[in-house]
Number of protein chains: 2
Amino acid sequence: MVGDRTDWSAMRDRRMAEPGAVEAYDAARLAFELGRAVRELRERRGWSQSQLAQASGMTQSAVARFEAGGTVPTLPVLERLATALDVSLHVSFAPRDAAA
Amino acid sequence: MVGDRTDWSAMRDRRMAEPGAVEAYDAARLAFELGRAVRELRERRGWSQSQLAQASGMTQSAVARFEAGGTVPTLPVLERLATALDVSLHVSFAPRDAAA
DNA sequence: CACTGGTATAGCATCGTTGCTATGGCCTGG
DNA sequence: CCAGGCCATAGCAACGATGCTATACCAGTG
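Residues numbered from 1 in each chain as written. Chains lettered and ligands numbered in written order. Predicted model: local features only at pLDDT ≥ 70, side-chain atom pairs only at ≥ 80, totals over all residues. Heavy atoms only, no water.

Engineer: It is not clear to me how the overall build of chain A should be interpreted in this structure. Could you clarify?
Structural biologist: Across its full length, chain A carries five helices and one strand. Each helix and strand of chain A, ordered N terminal to C terminal, gives the series α-α-α-α-α-β. For chain A, buried positions account for 37% of its 100 residues. A fraction of 51% describes how many contacts in chain A between residues 6 or more apart in sequence connect residues 24 or more apart. Taken as a whole, chain A presents about 5900 Å² of accessible surface, with 52% of it coming from carbon and sulfur. (Helix = DSSP H or I, 4+ residues; strand = E, 2+ residues; numbered from the N terminus. Buried < 20%, exposed > 50% of the residue type's maximum accessible area, 1.4 Å probe, protein only. Contact = heavy atoms within 4.5 Å. Areas by Shrake-Rupley, 256 points an atom, 1.4 Å probe, with all protein chains shown as cover.)

Engineer: Is there a simple way to explain the environment of Val-63 of chain A in this structure?
Structural biologist: Residue and element names in this part refer to chain A. By the element assignment, Val-63 lies in helix 4 (residues 60-67). Classification of Val-63 by relative accessible area gives buried; the value is 1%. Residues Val-63 and Ser-48, 15 residues apart in the sequence, show an inter-C-alpha distance of 9.9 Å. With residues up to four places along the chain from it excluded, the contact list for Val-63 reads Gln-49, Leu-52, Ala-53 and Met-58.

Engineer: Is there a simple way to explain the relation of the copies chain A and chain B in this structure?
Structural biologist: One copy of the chain maps onto the second through a rotation around an axis plus a translation along that axis. Taken as rigid bodies, chain A and chain B are interconverted by a rotation of 180° and an axial shift of 0.0 Å, the fit giving an RMSD of 0.0 Å. In short, the pair behaves as if placed about a two-fold rotation axis. Within chain A, Val-91 of chain A has its C-alpha nearest the rotation axis, a separation of 2.3 Å. With an isologous cut-off of 70% or more, the 100% of interface residues of chain A that recur at the interface of chain B puts this contact in the isologous class. (Least-squares fit on C-alpha atoms with pLDDT ≥ 70 in both.)

Engineer: Hey, could you run me through the protein's contact with DNA strand C in this one?
Structural biologist: Taken together, 20 residues are adjacent to DNA strand C, and Arg-42 and Gln-49 of chain A together with Thr-71, Thr-74 and Arg-80 of chain B come closest. In DNA strand C, the atoms that sit within 4 Å of the protein are 57% sugar and phosphate, with bases accounting for the remainder. For DNA strand C, a phosphate oxygen lies 3.1 Å from a polar atom in the backbone of Val-72 of chain B. Measuring from a phosphate oxygen of DNA strand C, one finds a side-chain N or O atom of Arg-80 of chain B at 2.7 Å. No other element matches helix 4 of chain A, which puts four residues into the surface near DNA strand C. (Near = heavy atom within 4 Å. Polar contact = N/O pair within 3.5 Å; in protein donor to acceptor, adjacent residues only side chain to side chain.)

Engineer: I keep staring at helix 4 of chain A and nothing clicks. Help me out?
Structural biologist: One full turn of an α-helix is made of 3.6 residues, so residues set three or four places apart face in the same direction. Residues and elements named next belong to chain A. For helix 4, the set of buried residues is Ala-62, Val-63, Phe-66 and Glu-67. One side of helix 4 carries all its buried residues, which in axial view fall inside an arc of 125°. One or two steps after helix 4, the chain reaches Gly-69, where phi turns positive at roughly 75°. (Arc of directions from axis to C-beta.)

Following this line, the structure appears as structure tokens:
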């Protein structure tokens, strides 16, 4: 079937509710995508969750939780993961129209 | 004077301590820069802290705290601010060498 | 079958951010 | 001088992420 996937765009149009409603959802999605990104970087290095945990000063359970998108990570944690994975973390605001 | 600004690069070279030490500092610097960015966007719109607070579902005190870099913001808060300021929030990992 | 390594999940304590209220300083205008 | 808007800061409660330990599930392997 064609319309199988969730209609994200429709949900995003629910602007104008109370402040914090849609944005909280965005944060959850961001958490999910960051989790996937870290998992990719980790597996590319052939590391286990335990190894990444030790390298970033976390525990294996915290890594698993984060990669699963179970929680919205904090910036300090993202920094530590970035350092451990030898990448740099970028956080920025950009105009809506401009791609970057 | 030329060497007026703080020598950040020297501090950044303090890698190799325990995990979480330098990264916590990075997070604080990130918080400071994000605060400045939001303040710029806000003032460019001619908004007061109270107006931005209401638009983003925060309080004036929280906005002030954040703009001053007093705390490391969470992703949900950054999302709300971005939405209120009509910009998009970008969080990503990038290779250290590649600029972006 | 037992054993090992990797991952997911749970429960709890701790820490930090945020929400909220209130206050003080600063500046401008009346 | 007083009033009002703007910003900074403080104190406290509540919420959420993290640290930590322990456990369960699964896939290989001997």
